[in-house]
Amino acid sequence: MCAVGVHLRGGDTGAVASLFKQVRFAWHACLVQSVQQQQGVFHRDSFVLHGMPDEHRRCGRGDLILQRKALVGSNVLRACQLHKAAPVGVFPGGDHRVGQQQGVGAWLVFHAGDVPHCTGKRQMPARRKAAQSDLIRQNIPLFCVLPHKADGRRQLPQGQAVRCIVPHSVAQHCGVVARRRKLQGHGVALAGAHMAVAAARQGARVALIERYGVIGGNLTAGYVGPILGSVSKNTMRDEVCAILGVKDNDWIGEHGNAHDFEEAKLTLAEFVAREKNVDVFLQCCVSDVIRDGKVVKGIKCASNEGTLCFEAAVTIDCTGDAIVSFLAGAKIEKGRADGLMQPVTLEYTIDGVDESKGIICIGDVDNVQLNGECFLDWCKKKADEGKLPRMLAAVRLHPSVRPGCRQVNTTQVNRVDITSVSSIFTADLELRQQIRLLTQFLKENLPGYENCRVIGSGTTTGVRESRRVMGDYVIDADEMAEGCRFADVVVHKALFIVDIHNPDGAGQAEPTIQYCKPYDLPYRCFLPLGLEGLLVAGRCISGTHRAHASYRVMSICMAMGEAVGIAAAMSASQHCTPRALDVGELQKRL
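It should be emphasised that the depicted structure is a prediction, and the values quoted were computed from it without experimental measurement.

Asker: Now, about the packing of aromatic side chains: what can you tell me, with residues and values included?
Answerer: For the structure on display, the rule yields 7 aromatic pairs. For the ring pair Trp251 and Phe496, a centre distance of 6.3 Å and an interplane angle of 85° mean the geometry is edge-to-face. Of this pair, Trp251 sits in the loop between α6 (236-243) and α7 (261-273) while Phe496 sits in the loop between β18 (489-494) and β19 (519-522), placing them 245 residues apart in sequence. Among the residues examined, Phe496 registers a relative accessible area of 3% and is labelled buried. Among the aromatic side chains, those forming a connected cluster through ring pairs are Trp251, Phe496 and Tyr515.

Okay, structure coming up:
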């Protein structure tokens, strides 16, 4: 059937709850009745399959409604015993007795054939038993379940049972899977988009779950640029940098331009949309996980439609803050030994810069001069004079693909734990006030910046560090400095400095910046310790505080997303857990 809603009166709920637990849906093309004719209709808190064309919808909240006679008399429901894990609807009203006066119970039993049914109070024990299990999904519309027909409706293939809330078989920013060959992604970090595309290219069905209204994470909503770090050639990192117009960006930023963030919102959306196996769910936040012991079975998301449940064979956590892993009970570490983490930042873009005069400074590794003096020393002197807050003494000004623009990476607030929601507003407010103050400082003190103005900033707090998920292997910075190699490598020749922004002050946390040789990231860093069915990617992988300061940058995170997307697709298609996957076979596909 394309879609079904239910119109109930009074005590019919128990009967339908029992029936929905065991029936299979058949195709039926009946139209919905007018909402004015209904009494006690289902709303968002109810069980409903979506898929009927919009012009046939009559409920003000978008649910599909059928009268009882249309549901029963037209034989919408076809009798068939389902697996015990079939979904159960949650029904409004406190009266769970079957209202025989409407004839619903008898008609349902008649059409359901061998479906057992109890009337009156005898229905209550079964109802309570169902409620105690994980079968009841409240506030969960069912959608994207069935393939499209030519008329826009969806049809359930003959002999196939509805088994999950959103049956994407393998899914992840931040995913989840229900049957074989489907994968979902939760892409808050950029790794999410790469994960989704990589998995889809392996034939997996992907549901990309995105917290914001745009795809791309820090590349778009975060306004982070330029893309720093490097990995081995011919990965998806090169593909994305090319379509963003920054294919020549180097690992440290000496020849790196910030991309056009507004253009990137469209470019990355088209990048994902080209993959027909990817379904994107924007503005959905992970609220819980679905677990069976130590096995992660999927996630629950808060959305404008209520709670959505995604069940899967493989779940990928690309949330950056390791939200999925945290909710699943993974072993988590945060910060250095004293618990402090790198400061949060809001990057922003200015235009109106005179390119013939306007200085460029890529950061603490840069010794660029201003009037014969190191620019960063000049900034520190201005801070000592009180013209610039001490926390903003390291002014980083990156070039852009747009002439006359600079990407400013300077604002910072220390001692912020972004996983504590009560601290976010205060930090964000201070960062935006710093943007105003810093821009005025640039206008008044820096040659070529007299006419600069803010044209854009991140819509979300820029987070360098939060949770790290401890995995089967914990990589450390000393290994990176030596260019470590691993037999189970899935990200090869990763390169960036150990870049620790001072958690308790301005500038760098360490007196000397540690450089690294190109290093490997092993597959074991992506496998959360003690959990099955879950992979992680992005800055939350398994590593120490100092190691994290190197692999957290975007080029390396892109390669992580590509690797775990392929791994998840392979695990789902081979019916094995990610931990049991043959890494040698995975490496052949990377």
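Asker: Just give me the short version of the pairing of strand β4 (residues 205-209), but keep the residues and values in it.
Answerer: Each regular strand displays side chains that alternate between the two surfaces of the sheet. Within β4, 4 of the 5 residues are buried, leaving the element largely enclosed by the surrounding structure. Here β4 runs beside strand β5 (residues 278-281); their pairing, made up of 4 bridges, is parallel. By the bridge assignment, Ala207 is partnered in β5 with Asp279.

Asker: Quick rundown of the side chain of Asp366? Include the residues and the values.
Answerer: Among the secondary structure elements, Asp366 is positioned in the loop between β11 (348-351) and β12 (369-370). Lacking a salt bridge, the buried Asp366 has Arg396 as its closest oppositely charged neighbour, with an N-O distance of 10.0 Å. At 3.0 Å, the side chain of Asp366 and the backbone nitrogen of Ile362 are in polar contact. Polar contacts involving the side chain of Asp366 include one to the main-chain amide nitrogen of Val368, which spans 3.0 Å.

Asker: With reference to specific residues and values, describe the environment of Val240.
Answerer: Inspection of the secondary structure assignment puts Val240 in helix α6. The class of Val240 is buried, set by a relative accessible area of 0%. C-alpha separation for the pair Val240 and Leu268, spaced 28 residues apart in sequence, amounts to 8.1 Å. When sequence neighbours within four positions are dropped, the list of residues in contact with Val240 reads His194, Leu219, Leu268, Phe271 and Met558.

Asker: Describe helix α9 (residues 375-384), and please don't skip the residues or the numbers.
Answerer: When α9 is considered as a whole, its buried residues turn out to be Phe375, Leu376, Trp378, Cys379, Lys382 and Ala383. Mapping the buried residues of α9 onto a view down its axis gives an arc of 155°, with all of them on the same face. Those residues of α9 that are buried lie in contact with β12, β13 (373-374), β14 (397-399) and α10 (424-445).

Asker: Please set out unusual backbone geometry residue by residue, giving values where relevant.
Answerer: Cis geometry marks the peptide bond from Gly225 to Pro226; its omega dihedral reads 0°. Structurally, Pro226 can be placed in the loop between β4 and α6. Of note, Asn371 is a non-glycine position whose phi angle comes to about 55°, a positive value. By the secondary structure assignment, Asn371 is in the loop between β12 and β13. In this model, Arg415 sits at a positive phi of 55°, which is unusual for a non-glycine residue. Topologically, Arg415 is positioned in the loop between β15 (406-408) and α10.

Asker: How would you sum up the environment of Asn367? Please name residues and give values.
Answerer: By the element assignment, Asn367 lies in the loop between β11 and β12. In this structure the C-alpha to C-alpha distance between Asn367 and Asp377, which are 10 residues apart in sequence, comes to 9.3 Å.

Asker: Tell me about the sheet that holds strand β8 (residues 306-311), and please be specific about residues and values.
Answerer: Reading across the sheet, the 3 strands line up as β6-β7-β8 and stay open at both edges, with antiparallel pairing between neighbours. Of all the strands in the sheet, just β6 (285-292) and β8 have a single pairing partner and so form its edges. Each strand of the sheet is rotated relative to its neighbour by a mean of 25°, with strand direction disregarded. Sheet analysis places strand β7 (residues 295-303) next to β8, joined by 6 bridges and oriented antiparallel. Across the sheet, the residue bridging to Cys301 is Leu308, located in β8.

Cut-offs and rules
- Residues numbered from 1 in each chain as written.
- Predicted model: local features only at pLDDT ≥ 70, side-chain atom pairs only at ≥ 80, totals over all residues.
- Heavy atoms only, no water.
- Phe/Tyr/Trp six-rings, centres within 6.5 Å; stacked < 30°, edge-to-face > 60°.
- Helix = DSSP H or I, 4+ residues; strand = E, 2+ residues; numbered from the N terminus.
- Buried < 20%, exposed > 50% of the residue type's maximum accessible area, 1.4 Å probe, protein only.
- Pairing = 2+ DSSP bridges.
- Lys, Arg positive; Asp, Glu negative; His and termini not counted.
- Salt bridge = Lys/Arg side-chain N within 4 Å of Asp/Glu carboxyl O.
- Polar contact = N/O pair within 3.5 Å; in protein donor to acceptor, adjacent residues only side chain to side chain.
- Contact = heavy atoms within 4.5 Å.
- Arc of directions from axis to C-beta.
- Axes fitted to C-alpha atoms, helices over the stretch in contact; angles between N-to-C directions.

None of this, on its own, says anything about what the molecule does.
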